[in-house]
Amino acid sequence: MVISDFGNDEFDPSSHYTVCVDSVSSTELAANDEPANATTYDNSGSVQGSLDYAGDVDFYNFAVNAGEVISFNLNTTSNNSCTVTYEVNILNSSSQSVFSNTYTSTEIENSIQIRAGETDTYSIGVSESDTSDCSSYSANDGSSIAYTLNLAAEPVDDVNEVV
């Protein structure tokens, strides 16, 4: 922002001005807001993530073979003592949704297992869909919503064991 006095360089303490801000842009801490820019995930372990502004979506890519079971757990504890509703979407490489669900930070179990229908590189997207219970949180105030994503893709010997 530049404020100019149009060449009048002498200090005048009686000259007041008002600055109006129409919008604020937030800088993305990780450029993984689209499946094409997703962080590559190695199908084991966990990743720490955060939703840094309203509308932020974090995507992670992972390769799965047909018939493997995708297991994931979303740990959403400790978010300023408020209830956050997360949305999780799994997309295939054609960006078609193969799974979608919402989870709240108060749920004890945020785990799911699904069987991959085909060999593909999938993307899992994590976003917040509701923070209305968070009186001290605003996704535009510089705070962020933390989460831990645990993901595994494992072969299944007997496909009848998984529904």
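To start, this report covers the structure provided alongside it.

Next up on the list: the overall build of the chain. Across its full length, the chain holds 0 helices and 9 strands. Mapped from its N terminus to its C terminus, the chain presents α and β elements in the order β-β-β-β-β-β-β-β-β. In the chain, of all internal contacts separated by at least 6 residues, the share reaching a separation of at least 24 is 73%. Carbon and sulfur atoms provide 46% of the accessible area of the chain, an area that totals close to 10100 Å².

Further remarks concern the sheet that holds strand E9 (residues 145-154). Spatially, 4 strands are ordered E2-E9-E4-E7 in an open sheet, and the strand pairing comes out antiparallel. Both outer strands of the open sheet, strand E2 (46-51) and strand E7 (111-115), are each paired with one neighbouring strand and no more. Taken over all neighbouring pairs, the strand axes of this sheet differ in orientation by 25 degrees on average, direction set aside. Relative to E9, E2 is paired through 6 bridges, and the arrangement is antiparallel. Each bridged residue has a counterpart across the sheet, and for Gln48 the counterpart in E9 is Thr148.

Inspection of the secondary structure puts Thr121 in strand E8 (residues 120-130). Thr121 sits 81 residues away from Thr40 along the chain, and the two C-alpha atoms are 9.9 Å apart. Every residue in contact with Thr121, bar those within four places of it in the chain, is listed here: Asn61, Phe62, Ala63, Leu91, Asn92 and Ser93.

The subject of this paragraph is the nonpolar core. In this structure, Phe62 and Phe72 are the most contacted members of the largest nonpolar core, which totals 25 residues. Mapped by element, the contributors of at least two residues to this core are E2, strand E3 (57-64), strand E4 (69-75), strand E5 (85-91), strand E6 (97-104), E8 and E9. Ranked by residues supplied to this core, first place goes to E9 with 5 residues. For Phe62, the residues in contact, after removing those within four places along its chain, are Tyr41, Asn43, Ile70, Ile90, Asp120, Thr121, Tyr122, Ser123, Ile124 and Leu151.

Turning next to the packing of aromatic side chains. With the rule as written, the count across this model stands at 4 aromatic pairs. Relative to Tyr103, the ring of Phe72 lies with its centre 6.4 Å away and its plane at 90 degrees, an arrangement referred to as edge-to-face. Note that Phe72 is positioned in strand E4 and Tyr103 in strand E6, a separation of 31 residues in sequence. Tyr103 matches Phe72 in its accessibility class, with the two residues each being buried. Connected via pairs of aromatic rings, a cluster forms that spans Phe72, Phe99 and Tyr103.

How each quantity is defined
- Residues numbered from 1 in each chain as written.
- Predicted model: local features only at pLDDT ≥ 70, side-chain atom pairs only at ≥ 80, totals over all residues.
- Heavy atoms only, no water.
- Helix = DSSP H or I, 4+ residues; strand = E, 2+ residues; numbered from the N terminus.
- Contact = heavy atoms within 4.5 Å.
- Areas by Shrake-Rupley, 256 points an atom, 1.4 Å probe, with all protein chains shown as cover.
- Pairing = 2+ DSSP bridges.
- Axes fitted to C-alpha atoms, helices over the stretch in contact; angles between N-to-C directions.
- Core = buried A, V, L, I, M, F, W, Y, C linked by side-chain atoms within 4.5 Å.
- Buried < 20%, exposed > 50% of the residue type's maximum accessible area, 1.4 Å probe, protein only.
- Phe/Tyr/Trp six-rings, centres within 6.5 Å; stacked < 30°, edge-to-face > 60°.

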